[in-house]
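Listed below are the residues making up each chain.
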Amino acid sequence: MSAFVPLYERDLTIVSGKGVRLQDSAGRSYLDFAAGIGVNGLGHGDRAVLAAIRDQSRRLVHASNLYHSEPGSALAARLSALFPSRVFLCNSGTEAVEAAIKFARRLGRAEGRTELLAFEGSFHGRTMGALSLTWKATYREPFEPLVPGMGFSPWGDLEAAGGRIGRGTAAVVVEPVQGEGGVRPAPDGFLAGLAGLCRERGALLIADEIQCGLGRTGRLFAHQRHGFTPDMVTLAKPLGGGLPLGAVLLREDLAGRLSVGDHGSTFGGNPVACAAALAVLDRLTSEGFLESVEKKGATLARGLRAVARRHPGAIAEVRGLGLMMGVELRAAAAPVLKALAARGVLATRAGDRVLRLLPPLVVKPAEIREFLDALEAVLAGGAVESA
Ligand SMILES: *Cc1c(COP(=O)(O)O)cnc(C)c1O
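What you see is a predicted model, and the numbers here were worked out from it, not measured in a lab.

1. Side note on helix H10 (residues 271-284)
If you check H10, its first and last C-alpha atoms are 20 Å apart, about what 14 residues at 1.5 Å a residue would give, namely 20 Å. In terms of residue burial, H10 counts as a mostly covered element, since 12 of its 14 residues are buried. The set of residues buried in H10 consists of Pro271, Val272, Ala273, Cys274, Ala275, Ala276, Ala277, Leu278, Ala279, Val280, Leu281 and Leu284. In this structure, the buried side of H10 is in contact with helix H2 (47-59), helix H3 (70-82), strand S4 (86-90) and helix H11 (289-310). Sitting at the amino-terminal end of H10 is Asn270, which places a side-chain oxygen 2.9 Å from the backbone nitrogen of Val272.

Take a look at the structure:
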C-alpha cells in the first residue's frame, strides 16, 4: 500500500536517468518519450544543468523575494531579451497562470474588464483560478463553485470567439498547441485572428506556452509559428531543467502599471532553479538547436504517419508540431502505453485515446526509430481493439 493520497495511476518507481533513458527500481531501462511531461527538454542528467545546480547550490539556495538574486536577475534579463517583456517568476505552471489571471484582472479593473475567456479542450492548471479556465468537466465540477467570470469558446472557431470578446473581457487565454486536451495545434489563422480581435476590442491575449513553449515545437516560442505577439506568455515545465520554476512574461508597458504588493511568491525565482534555467536557455538558443528539433519532429511525424497508414484500424489521426506529437487511437490509449512500457518505452497520454509524445528535445534520430519500431510492434500485437 502506498502512503500517498490516492490521486495517481502509477506502476513504476524511477530511480535514475541519463539522456533519453530512465531506469526503474528493478533495474529495467526505458526509452523516455514522456520526458517528465515535457519537463526534461534536455533529457536526464544534462551536464551543464547539473553543473549550474551544483555551483549555485554551493553559493546560495534561497534568500526569498525580499532581495534580488544574481541568477534570478540574469534569468529575467535573458527572458525579456528573448521576448520583449518584464518577468514574474514563480514555481509551477499553474502558478504562472494564476499570476497571469491576476495581472489581467488588475490591469482591466479600471475599465471594468474582469472576465477571462479560454477554449474548449484547454488545460491551464489545477489551482482554483487556472482550474476555472480548464475545460475538462471531471477536473472542474467536483470543485465548483469556481472563480466567476470565466468562460469557454469552441477551439479553432474565430467567429464564436468574436462573439464572446467584449467590453468586459480582461483577457483571452490560449495554448498555441493544446497539450493535455489532445495535442491539438491551433488551426491556420486562428491565433493571428484572435490577436486581431483582442487588439480591436481592448482585451489582452495570454499565450499559455507551459507545454508547447521553449523549443518544443521547433521555435523558442510556439506563438512564433503563428505570426502573432501575445501580451503575456506563461512558461514552466522545461524552464527549470527539472527543478520547479514558472514565469510570466508581461508586455513592458503593462508591467509598468503593476505595483509592489499586487502579487508575490516566497519561493518564486529560486536561485538554484534560475541557474538551471539559464543553462537550459543557453542550450535552446545555441546554434542549430531549434533547427534540429524541427528536423527530428518532421522525422517523428513522418514515421508516425507511416505507422498510421499500416494500422488504419488502430490510429485515427496523427497531429502535432515539432517534438510535440499526438496519436489519436480508435480505442483507449492506456493498453498501448502499457504494452509500450513492457517493451521498454515510456510515453504518456492526453485524454483517453491520444498517445502524447514529448521526447526530450535532445532525442536522436535512432531513438525516434526505436520508438516507432516499438509502436509498430505493439499495434501489430493487437494492443488496440478497433472500435
Ligand atoms: C502542465 C500545464 C499547466 C500546469 O502546470 P503545472 O506545473 O502542472 O501546474 C498549465 N498549462 C499548460 C498548457 C500545461 O501543459
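Still to come is the rest of the account.
2. Regarding H3
Counted at 1.5 Å a residue, the expected span for H3 with its 13 residues is 18 Å, and the 18 Å between its end C-alpha atoms agrees. When we look at burial in H3, the residues that qualify are Pro71, Gly72, Leu75 and Leu79. Projected down its long axis, H3 carries its buried residues within an arc of 100°, all on one side. With respect to the buried face of H3, the exposed residues turned more than 90 degrees away are Glu70 and Ala81. Looking at the packing, one finds that the buried side of H3 touches H2, S4, strand S11 (232-235), strand S12 (246-250) and H10. Capping the start of H3 is the job of one residue whose side-chain oxygen sits 2.9 Å from the backbone nitrogen of Gly72: Ser69.

3. Regarding the nonpolar core
Counting residues in hydrophobic clusters, the biggest one holds 64 residues, and the most contacted among them are Leu304 and Phe371. Here the element with the most residues in this core is H10; it accounts for 10 residues. Formed jointly, this core draws a minimum of three residues from each of two domains, domain 1 (9-32 + 288-380) and domain 2 (47-284). Discounting chain neighbours no more than four positions away, the residues touching Phe371 are Leu31, Phe33, Leu300, Leu304, Leu340, Val345 and Leu357. The next biggest cluster of nonpolar side chains, apart from the first, holds 28 residues, and it includes Phe103, Leu204, Ile210 and Ala236.

4. Some remarks on the pattern of salt bridges
As enumerated under the stated definition, the model contains 16 salt bridges in all. A salt bridge links Asp282 to Arg78; its shortest N-O distance comes to 2.8 Å. With Asp282 in helix H10 and Arg78 in helix H3, this residue pair connects regions lying 204 residues apart in the sequence. The class of Asp282 is partly exposed, set by a relative accessible area of 43%. A salt bridge links Glu317 to Arg319, with the shortest nitrogen-to-oxygen separation between them at 2.6 Å. Among the charged side chains, a network of salt bridges with common partners joins Glu9, Arg349 and Asp352.

5. Focus on the sheet that holds strand S3 (residues 29-32)
As a general point, the strands of a sheet are linked pairwise by backbone hydrogen bonds and lie either parallel or antiparallel. A sheet is described by the order of its strands in space; here four strands give the open sequence S1-S2-S3-S15, paired in mixed fashion. Across the chains shown, the open sheet's two edge strands, defined by having one partner strand only, are strand S1 (14-18) and strand S15 (345-346). Examined bridge by bridge, S3 and S15 share two bridges and lie parallel to one another. When the bridges of S15 are listed, Asp32 appears paired with Leu346. Along the sheet, helix H13 (residues 365-380) makes contact with strand S2 (21-24), S3 and S15, crossing S3 at roughly 105°.

6. Concerning the side chain of Gln211
Note on placement: Gln211 falls in the loop between strand S10 (204-208) and S11. Classification of Gln211 as buried rests on a relative accessible area of 8%. For Gln211, the side chain forms a polar contact with the side chain of Arg356, separated by 2.8 Å. Aside from chain neighbours lying at most four places away, what touches Gln211 is Gly179, Glu180, Arg216, Lys237, Met324, Arg356 and Leu358.

7. Some details on the domain arrangement of the chain
Accessible area lost when the parts come together is the quantity often used to give the size of an interface. Along its sequence, the chain is carved into domain 1 (9-32 + 288-380) and domain 2 (47-284). One C-alpha centre belongs to domain 1, the other to domain 2, and the line joining them spans 27 Å. Listed per partner, the contact involves 22 residues of domain 1 and 21 residues of domain 2. Interface area for domain 1 against domain 2, summed over the two sides, is near 1800 Å², with a carbon-plus-sulfur share of 59%. Considering only the surface of domain 1 that becomes buried against domain 2, Leu290, Leu321 and Met324 emerge as the three largest contributors, covering 36% of it. Viewed at the interface, domain 2 and domain 1 are joined by two salt bridges. Taken together, domain 1 and domain 2 are joined by six residue pairs in polar contact (both at pLDDT 80 or more). Taken together, the elements giving at least two residues each to the side of domain 1 that touches domain 2 come down to H11, strand S13 (315-321), strand S14 (324-329) and strand S17 (354-357). In terms of residue class, the side of domain 1 that touches domain 2 is built from 14 nonpolar, four polar and four charged.

8. Looking at a nonpolar patch on the surface
The grouping of Phe4, Val5, Leu7 and Tyr8 at the surface amounts to a nonpolar patch, some 480 Å² of accessible area in total. Inspection of the secondary structure puts Val5 in the segment before S1. A relative accessible area of 55% means that Val5 is categorised as exposed.

9. Observations concerning the pairing of S10
For a regular strand, side chains alternate in direction, first toward one face of the sheet and then toward the other. Counting buried positions over the five residues of S10 gives five, a clear majority of the element. Across the two faces of S10 the burial is the same, with Leu204, Ile206 and Asp208 and Leu205 and Ala207 all buried. Inspection of the sheet shows strand S7 (residues 169-174) paired to S10 by four bridges, in the parallel sense. Note that in S10 the partner of Val174 across the bridge is Ala207. In this sheet, S11 lies alongside S10 in parallel orientation, the contact comprising three bridges. If you follow Ala207 over to S11, its bridge partner there is Val233.

Conventions we followed
- Residues numbered from 1 in each chain as written.
- Predicted model: local features only at pLDDT ≥ 70, side-chain atom pairs only at ≥ 80, totals over all residues.
- Heavy atoms only, no water.
- Helix = DSSP H or I, 4+ residues; strand = E, 2+ residues; numbered from the N terminus.
- Expected span 1.5 Å × (residues − 1).
- Buried < 20%, exposed > 50% of the residue type's maximum accessible area, 1.4 Å probe, protein only.
- Contact = heavy atoms within 4.5 Å.
- Polar contact = N/O pair within 3.5 Å; in protein donor to acceptor, adjacent residues only side chain to side chain.
- Arc of directions from axis to C-beta.
- Core = buried A, V, L, I, M, F, W, Y, C linked by side-chain atoms within 4.5 Å.
- Domains from an automatic or database assignment.
- Salt bridge = Lys/Arg side-chain N within 4 Å of Asp/Glu carboxyl O.
- Pairing = 2+ DSSP bridges.
- Axes fitted to C-alpha atoms, helices over the stretch in contact; angles between N-to-C directions.
- Buried area = accessible area lost by both parts, 1.4 Å probe.
- Nonpolar A, V, L, I, M, F, W, Y, C, P; charged D, E, K, R; others polar.
- Patch = residues over 30% accessible without salt bridge, like charges linked within 9 Å, V, L, I, M, F, W, Y side chains within 5 Å.
- Areas by Shrake-Rupley, 256 points an atom, 1.4 Å probe, with all protein chains shown as cover.

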